[in-house]
Amino acid sequence: NISGVDQARTFYSNTGITSGKHYWEIKIDQTSAPSNIMIGISTVRDSRPLAVKDRFLTHHKTGWALYCYNGHVYHKSATKSFYRSVGTGATVGVIFDADNHLLAFTVNSTFIGCAYKNVTATEPIFVACTLYSAGDKVTLVADAAIPIIE
């Protein structure tokens, strides 16, 4: 379980991904309204407190994420409409295919689409989640089975 802190903080996996297909889920146990949680991936693995503009995992060139507040996806602070708001009780699944450079998402086991088809990096990619508020709490489900997408 990961709980929020008094300032925005991004949490990263210990192990990076360099190849293969991977899937994990983040269950949103509790979030403030609105939900400022970001769920995705990043090549930057640094959980030290950062300047305000750098606290979200997508405010640098090596982060890609679903922003639960509005359902948009972000990369390099650029946004595009993708889904709707996601909040407490929802489970967000992340599908990352490192070999084909694809990043897709599920919400409550329903495939919502491929967000990016050009995720390229020369460094390992890490699971990442940004919590914004002290009341935010999520649970990582790392052993979830990769869903079959038709």
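For the structure, see preceding data.
All values derive from a computational prediction rather than experimental measurement. (Residues numbered from 1 in each chain as written. Predicted model: local features only at pLDDT ≥ 70, side-chain atom pairs only at ≥ 80, totals over all residues. Heavy atoms only, no water.)

(A) Examining the packing of aromatic side chains more closely. Counted under the stated rule, the structure contains 3 aromatic pairs. With a centroid separation of 5.7 Å and an interplanar angle of 40°, the aromatic rings of Tyr 67 and Tyr 69 are classed as tilted. Residue classification places Tyr 67 among the buried residues on the basis of a relative accessible area of 12%. Note on Tyr 69: relative accessible area 41%, which makes it partly exposed. The rings of Tyr 67, Tyr 69 and Tyr 74 are connected pair by pair, giving a single aromatic cluster. One Lys or Arg, Lys 80, reaches over the ring of Tyr 116 and ends 4.8 Å from the middle of that ring. (Phe/Tyr/Trp six-rings, centres within 6.5 Å; stacked < 30°, edge-to-face > 60°. Buried < 20%, exposed > 50% of the residue type's maximum accessible area, 1.4 Å probe, protein only. Lys NZ or Arg CZ within 6 Å of the ring centre and 35° of its normal.)

(B) Quick look at the sheet that holds strand E11 (residues 126-131). The sheet built from 6 strands is open, its strands ordered E2-E11-E4-E5-E6-E7 with antiparallel pairing. On the outer flanks of this sheet lie strand E2 (9-12) and strand E7 (78-80), each paired with one strand and no other. Taken over all neighbouring pairs, the strand axes of this sheet differ in orientation by 25° on average, direction set aside. Note: strand E4 (residues 38-42) against E11, 5 bridges, orientation antiparallel. (Pairing = 2+ DSSP bridges. Helix = DSSP H or I, 4+ residues; strand = E, 2+ residues; numbered from the N terminus. Axes fitted to C-alpha atoms, helices over the stretch in contact; angles between N-to-C directions.)

(C) Fine view of unusual backbone geometry. Although it is not a glycine, His 101 sits at a positive phi angle of roughly 65°. Turning to its location among the elements, His 101 is positioned in the loop between strand E8 (91-97) and strand E9 (102-107). For His 101, a relative accessible area of 31% puts it in the partly exposed group. One non-glycine residue with positive phi stands out, namely Ser 109, at about 70°. Tracing the backbone through its elements, the reader meets Ser 109 in the loop between E9 and strand E10 (110-116).

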